[in-house]
Amino acid sequence: MLPIRTENLIRQVLIMVALMTVCSGIVYAGDGTGSFAIIDNAYESGKIDRTEMLFEQMKAFFAPQDLASEYKTTSPTLIKSGTALVMEVYDSWDNFTPDQQTLMSSYLGRLEKQCTYDTPGGFFKIQYDTSGGEPVPDEDLDDDSIPDYVERTAIYLDSAFSSYSAMGYLPPPSDDGAGGDDKYDVYLVSISGYGMTAPDGAGDSVWNDSKSYIWIHNSFDQPWFPANDDPEGDIIGAQKVTCAHEFFHATQLAYVYDYSEFVWIMESSATWMEEVLFPEVNDNYNYLPYFFTKPDVGLTIDDIFQKYGLFIWSAFLWQKYDESVMLHLWEASRYNNSRTSTDSALAPHGSSLTGIFPEFTIWNYYTGERAIPGMYFADAADYPAIEIDQSLPTLVNDSIQPIDAPDGLACNYIQLEVDVTASGILEILLEGSLLVRWGNTAIFTDIGDDTIITEISDVTDPIYIYLPFIEDYDTVTIMPTVISHYLIENNYYLSTKLQPYGDANFDRDANVGDATYLINYVFFGGPAPVPIVESGDANCDN
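Before going into details, it helps to say that this report is about the structure given with it. Because the structure is predicted, anything quoted here is derived from the model rather than measured. (Residues numbered from 1 in each chain as written. Predicted model: local features only at pLDDT ≥ 70, side-chain atom pairs only at ≥ 80, totals over all residues. Heavy atoms only, no water.)

**Points about empty space enclosed by the protein**
Evaluation of the coordinates by the stated rule reveals three cavities of 30 Å³ or more. Taken as a whole, the largest cavity spans an internal volume of roughly 80 Å³. As for the largest cavity, its lining consists of 14 residues, and the residues nearest its centre are Phe291, Pro295, Phe357, Phe360 and Asn364. Only helix H14 (353-365) and strand E9 (410-411) provide two or more residues apiece to the lining of the largest cavity. Top element by residues in the lining of the largest cavity is H14. It accounts for four residues. (1 Å grid on protein atoms, 1.4 Å probe; cavity = no way out; pocket = protein on both sides within 12 Å on 5 of 7 lines; lining within 4 Å. Points joined across faces, edges and corners; volume = space filled by probe spheres on them. Helix = DSSP H or I, 4+ residues; strand = E, 2+ residues; numbered from the N terminus.)

Following this line, the structure appears as structure tokens:
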């Protein structure tokens with residue numbers, strides 16, 4: 001673990017000055033122009049290695065005035081939570097130079113604040129300042145000498161603790177008096193984000209748990225925090241969801257500390273818990289575009305912004321099954337990796353991570369203007385529509401190749417228009433990379449009910465989907481899906497053909513041979529029409 005940081009008011013004043021003197025124009029984390037995105041792009045393009053990326057992101061989160069000039073922006077930038085960043089830095093500590101370690105050590109650790117407040121529920125100690133570089137708002141409407149901002153934080157933390165306890169989750173391990181007593185320490189600070197949960201040494205369990213402490217923004221009153229739907233206002237909404245989010249990280253650390261393996265489900269489930277505890281806020285909706293515009297990015301990949309929009313994966317598990325799935329996943333995480341833990345949680349429901357993933361891609365299709373009341377996500381109409389990778393004006397195509405090939409546990413959405421002259425049985429063929437296992441889903445849309453067909457490959461075999469009466473539909477959306485959890489950018493070839501009605505023997509032509517084939521089938525027990533029985537329906541009367 002890193003050395004314990006003492007309070008540095010000079011540094012905090014510099015942070016506040018940097019944030020207060022920027023030019024007008026607010027930059028949110030993922031718009032491509034903020035410091036975090038610029039640093040991430042420099043890493044993705046090979047200009048810096050991952051260690052340098054982490055070092056600069058730490059500066060962007062804790063002390064933007066320390067950033068290298070090429071990463072400074074004229075506007076504040078935010079990420080939702082610094083938890084994943086700090087955990088990866090801890091795991092990579094030996095890769096940093098002594099000077100880098102010294103600077104980052106000054107950012108981290110338990111703090112010495114001017115005031116403390118024990119929450120009414122008794123589990124938390126909130127530590128905060130009323131003056132200096134990072135004071136909390138001084139409003140005190142009940143005139144009890146405790147700022148209202150602190151008292152509200154206490155209420156929301158107590159609510160998170162009681163809710164997670166009622167669901168059956170373990171409490172975080174005791175810090176053995178590290179913050180002055182055995183209460184869980186929460187610090188109100190000035191940072192470029194909502195909050196952070198930092199691991200702080202091994203817990204007392206036989207599994208790999210961790211002590212922790214939480215930092216939460218000291219005011220949320222700057223304009224660069226995005227709007228939310230809380231009827232009590234954006235600041236109160238941000239307080240609520242940060243308490244829910246960060247304390248669920250602390251809860252997760254009661255089960256396992258393994259950044260590289262669990263970060264994807266850590267952020268997915270913590271951001272979903274915001275919705276469970278405080279459904280009126282919807283701050284997490286600000287991150288949905290980073291998921292819905294990139295369906296080709298793998299479920300378990302640690303994308304700097306997408307992982308918060310990934311809360312809909314946890315929403316999917318919760319709403320398709322029940323809340324116990326998430327609890328069972330974290331219970332299993334004590335002794336398993338994240339995929340095996342998910343499989344263990346889904347096993348009582350007769351499913352698995354790869355087994356249920358194709359259905360998840362269907363739920364994601366029915367959002368936004370495609371939402372169907374009473375089906376799929378409860379709030380589907382409020383979510384963005386999933387991005388269609390390709391829209392093709394013709395139904396029959398010799399070879400469709402991906403523009404952005406899907407990673408493991410990801411897919412593409414390809415939409416085809418049904419030509420007015422189209423008639424017959426549509427054949428869809430998917431031939432994917434032999435290094436991964438594939439699934440394919442086709443959604444056939446008309447003015448009535450949609451028809452959905454999903455097929456899964458048998459190891460490396462190509463996947464065929466057939467649908468008769470294609471003339472009854474308006475569009476076909478095809479979703480080539482990698483159901484293996486590994487590898488990135490998996491290539492495939494997709495083709496579509498029309499088979500005429502009456503081609504019972506599947507020789508791509510309707511002729512007298514098909515009549516003979518049908519007589520043999522109907523009267524003498526011969527083989528059924530192929531590839532589907534409707535192939536023998538020459539006059540289309542079913």
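**Topic: the packing of aromatic side chains**
Evaluation of the coordinates by the stated rule reveals 50 aromatic pairs. The lysine or arginine in question, lysine 80, covers the ring of tyrosine 194, its NZ or CZ lying 4.3 Å from the ring centre. Directly above the aromatic system of tryptophan 207 lies the positively charged group of arginine 334, at a separation of 4.8 Å from the ring centroid. (Phe/Tyr/Trp six-rings, centres within 6.5 Å; stacked < 30°, edge-to-face > 60°. Lys NZ or Arg CZ within 6 Å of the ring centre and 35° of its normal.)

**Details of the layout of surface pockets**
Computed from the structure, the largest pocket encloses a volume of approximately 800 Å³. Along the walls of the largest pocket sit 34 residues, with Asp40, Glu44, Asp302, Asp303 and Ile304 positioned nearest its centre. Elements with a minimum of two residues in the lining of the largest pocket: helix H2 (35-44), helix H3 (50-62), strand E1 (79-81), helix H4 (83-91) and helix H10 (306-309). The leading source of residues in the lining of the largest pocket is H2, at six residues. The residue inventory of the lining of the largest pocket, partitioned by class, reads 17 nonpolar, five polar and twelve charged. (Nonpolar A, V, L, I, M, F, W, Y, C, P; charged D, E, K, R; others polar.)

**Let's talk about the nonpolar core**
Judged by nonpolar contacts, the single largest core of 129 residues is most densely connected at Phe62, Tyr164, Tyr169, Trp313 and Trp330. Top contributing element to this core by residue count: helix H8 (residues 259-277), with ten residues. Discounting chain neighbours no more than four positions away, the residues touching tryptophan 313 are Trp264, Ile265, Ser268, Leu299, Thr342, Leu353, Ile356, Phe357 and Phe360. Among the nonpolar cores identified, the runner-up in size contains 25 residues, and Val436, Phe444, Tyr473 and Tyr492 belong to it. (Core = buried A, V, L, I, M, F, W, Y, C linked by side-chain atoms within 4.5 Å. Buried < 20%, exposed > 50% of the residue type's maximum accessible area, 1.4 Å probe, protein only. Contact = heavy atoms within 4.5 Å.)

**Quick look at the sheet that holds strand E16 (residues 492-499)**
Strand order in this open sheet of four strands is E8-E16-E11-E14, and the pairing throughout is antiparallel. Two strands bound the open sheet, and with one partner strand each, they are strand E8 (397-400) and strand E14 (463-467). For this sheet the average axis-to-axis angle between neighbouring strands, irrespective of direction, equals 15°. Here strand E11 (residues 425-432) pairs with E16 via eight bridges, running antiparallel. What sits directly across from leucine 426, in E16, is leucine 498. (Pairing = 2+ DSSP bridges. Axes fitted to C-alpha atoms, helices over the stretch in contact; angles between N-to-C directions.)

**Considerations on the pairing of strand E10 (residues 414-417)**
Examined bridge by bridge, strand E7 (residues 390-392) and E10 share three bridges and lie parallel to one another. Pairing of serine 391 across the sheet is with glutamine 415, part of E10. Where E10 lies against strand E15 (residues 475-482), four bridges are found, and the strand directions are antiparallel. Each residue of the ladder has a partner; that of glutamate 417, found in E15, is threonine 475.

**Some thoughts on the environment of serine 333**
Within the secondary structure, serine 333 is located in the loop between helix H12 (324-332) and helix H13 (338-346). The spatial distance from the C-alpha of serine 333 to the C-alpha of glutamate 261 is 9.9 Å, given a sequence separation of 72 residues. If near-sequence neighbours (up to four positions away) are discounted, serine 333 is found in contact with Tyr255, Val256, Phe262 and Ser341. Here tryptophan 330 takes part through its backbone oxygen, which lies 2.6 Å from a polar atom of the side chain of serine 333. (Polar contact = N/O pair within 3.5 Å; in protein donor to acceptor, adjacent residues only side chain to side chain.)

**Details of the side chain of lysine 125**
Summarising the element assignment, lysine 125 is placed in strand E3 (residues 124-128). Engagement of the side chain of lysine 125 in a polar contact is seen with the side chain of aspartate 118, the distance being 2.8 Å. Residue contacts for lysine 125: discarding those within four places in its chain leaves Thr116, Tyr117, Asp118, Gly179, Asp181, Lys183, Tyr184, Asp185 and Val186.

It is worth stressing that arrangement in space is one thing and function is another; only the former is reported here.
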